[in-house]
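Report on the structure
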Amino acid sequence: MKTAISKVSDGVKKPFYFNNETTPIVITMSVGVAFYPRMSRDINTLIKLADIAMY
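Below or above, wherever it landed, is the structure these notes cover. Since the structure is predicted, the reported quantities are computational estimates derived from the model, not experimental observations.

Considering the overall build of the protein
When its secondary structure is counted, the protein shows 2 helices and 0 strands. Taking 10 Å as the expected radius of gyration for a compact globule of 55 residues, we find that the protein reaches 16 Å, considerably beyond that expectation. Evaluated residue by residue, the protein yields a buried proportion of 7% over its 55 residues. Pairs at least 24 apart in sequence give 14% of the contacts found in the protein among residues at least 6 apart. As displayed, the protein has an accessible area near 4900 Å², and 58% of this comes from carbon and sulfur atoms. Between the centroid of the 7 positive side chains of the protein and the centroid of its 4 negative side chains there is a distance of 12 Å.

Considerations on the packing of aromatic side chains
Scanning the model with the defined rule gives 0 aromatic pairs in all. A cation over an aromatic ring shows up here: Arg38 above the ring of Phe35, its NZ or CZ 4.7 Å from the ring centre.

Comments concerning the side chain of Ser40
Considering the arrangement of structural elements, one finds Ser40 in the loop between α1 (2-13) and α2 (43-53). A distance of 3.1 Å separates the side chain of Ser40 from the backbone nitrogen of Asp42, its partner in a polar contact. If we ignore the near neighbours within four places in the chain, the residues touching Ser40 are Phe35, Thr45, Leu46 and Leu49.

Brief notes about the environment of Asp51
Mapping Asp51 onto the fold places it in helix α2. A C-alpha to C-alpha distance of 9.5 Å links Asp51 and Ser30, two positions 21 residues apart in sequence.

Analysis parameters
Residues numbered from 1 in each chain as written. Predicted model: local features only at pLDDT ≥ 70, side-chain atom pairs only at ≥ 80, totals over all residues. Heavy atoms only, no water. Helix = DSSP H or I, 4+ residues; strand = E, 2+ residues; numbered from the N terminus. Rg over C-alpha atoms; globule rule 2.2 N^0.38 Å. Buried < 20%, exposed > 50% of the residue type's maximum accessible area, 1.4 Å probe, protein only. Contact = heavy atoms within 4.5 Å. Areas by Shrake-Rupley, 256 points an atom, 1.4 Å probe, with all protein chains shown as cover. Lys, Arg positive; Asp, Glu negative; His and termini not counted. Charge placed at Lys NZ, Arg CZ, Asp CG, Glu CD. Phe/Tyr/Trp six-rings, centres within 6.5 Å; stacked < 30°, edge-to-face > 60°. Lys NZ or Arg CZ within 6 Å of the ring centre and 35° of its normal. Polar contact = N/O pair within 3.5 Å; in protein donor to acceptor, adjacent residues only side chain to side chain.

What is shown is where atoms sit, not what they do.
Here's what the structure looks like:
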């Protein structure tokens, strides 16, 4: 799982340019992971657990 998240994160980190502008646009992200059904079967609980995992 960590490898998949790292690949996505590395792809997002690359700056890009919009309409040939000279200033790069950089996106950042945070990821929290919760596993269904191991951690919970309830979607709201999974979202809360994923949010907690980000910090």
